[in-house]
Amino acid sequence: MTQGKNMIQQKITPCLWVEKDAKAVVEYYLSIFKDGKLKDYRLFTKMPKDGNPDSDDLSGEFETAVMELAGVEFSILAAGPLFKFNEAISLVINCKDQAEVDYYWDALTTNGGEEGPCGWCKDKYGLSWQVVPTEYFDLIHNSDPVISRKAMMNTFKQKKLIISELK
């Protein structure tokens with residue numbers, strides 16, 4: 001595996017903090033995003049229990065991983081239950097058609113995920129996603145106010161976005 005500056009491929013890399021098992025988290029996302037890959041994995045042991053680098057109380061461990069999904073690198077930090085995901089940050093999946101929307105929606109909401117309104121859902125780790133057909137943006141940004149308003153109003157009635165019902 002590459003290290004240091006040779007590993008960094010993009011200017012900004014989102015870091016996803018999870019409670020444990022960075023490898024399992026990466027495997028989960030790679031099962032959904034078929035073109036993804038694990039780029040790095042590390043297990044760090046004997047770390048200061050209290051977070052103080054001068055501490056003599058060395059115990060515990062944490063893991064890091066770097067994965068690439070759809071050409072975007074993400075860091076995974078598995079370092080305990082201190083932080084949880086919430087809707088303040090989310091990821092948007094731009095889908096080419098309804099079949100792709102259906103695929104990602106089903107993959108993210110099964111096995112512990114949950115549906116939300118207006119194309120939003122959460123995966124089993126609680127990370128928020130909006131699964132959107134790219135045609136959706138053509139509809140809501142349409143120069144005809146009747147078309148854009150109808151699409152927006154129909155969005156509010158849906159969980160998973162169904163493009164034929166937005167028109």
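The chain has the name VOC family protein in an unreviewed UniProt entry, where Leptospira dzoumogneensis is given as its organism.

Draft legend 1. Here's a closer look at the packing of aromatic side chains. Here the structure, examined in full by the defined rule, presents 10 aromatic pairs. An angle of 65° between the planes, with centres 5.0 Å apart, marks the rings of Tyr 28 and Tyr 29 as edge-to-face. Taken as a pair, Tyr 28 and Tyr 29 share a single burial class, namely buried. When the centroid spacing of 5.4 Å and the interplanar angle of 75° are considered together, the rings of Tyr 28 and Tyr 125 count as edge-to-face. Residue Tyr 28 is located in helix H1 (residues 22-32), and its partner Tyr 125 is located in the loop between strand E7 (120-122) and strand E8 (128-133); the two are separated by 97 residues in the primary sequence. Over the face of the ring belonging to Tyr 41 we find Lys 23, whose NZ or CZ atom lies 4.5 Å from the ring centre.

Draft legend 2. Fine view of the layout of surface pockets. Put simply, the largest pocket is a space of about 200 Å³. Contributing to the lining of the largest pocket are Phe 33, Leu 69, Ala 70, Val 72, Phe 74, Leu 91, Val 92, Ile 93, Asn 94, Glu 100, Tyr 104 and Trp 129. Only strand E4 (72-78), strand E5 (90-95) and helix H2 (98-109) provide two or more residues apiece to the lining of the largest pocket. The residue makeup of the lining of the largest pocket, split by class, is 10 nonpolar, one polar and one charged. Composition of the lining of the largest pocket by domain shows at least three residues from each of domain 1 (12-83) and domain 2 (84-166).

Parameters and conventions
Residues numbered from 1 in each chain as written. Predicted model: local features only at pLDDT ≥ 70, side-chain atom pairs only at ≥ 80, totals over all residues. Heavy atoms only, no water. Phe/Tyr/Trp six-rings, centres within 6.5 Å; stacked < 30°, edge-to-face > 60°. Buried < 20%, exposed > 50% of the residue type's maximum accessible area, 1.4 Å probe, protein only. Helix = DSSP H or I, 4+ residues; strand = E, 2+ residues; numbered from the N terminus. Lys NZ or Arg CZ within 6 Å of the ring centre and 35° of its normal. 1 Å grid on protein atoms, 1.4 Å probe; cavity = no way out; pocket = protein on both sides within 12 Å on 5 of 7 lines; lining within 4 Å. Points joined across faces, edges and corners; volume = space filled by probe spheres on them. Nonpolar A, V, L, I, M, F, W, Y, C, P; charged D, E, K, R; others polar. Domains from an automatic or database assignment.

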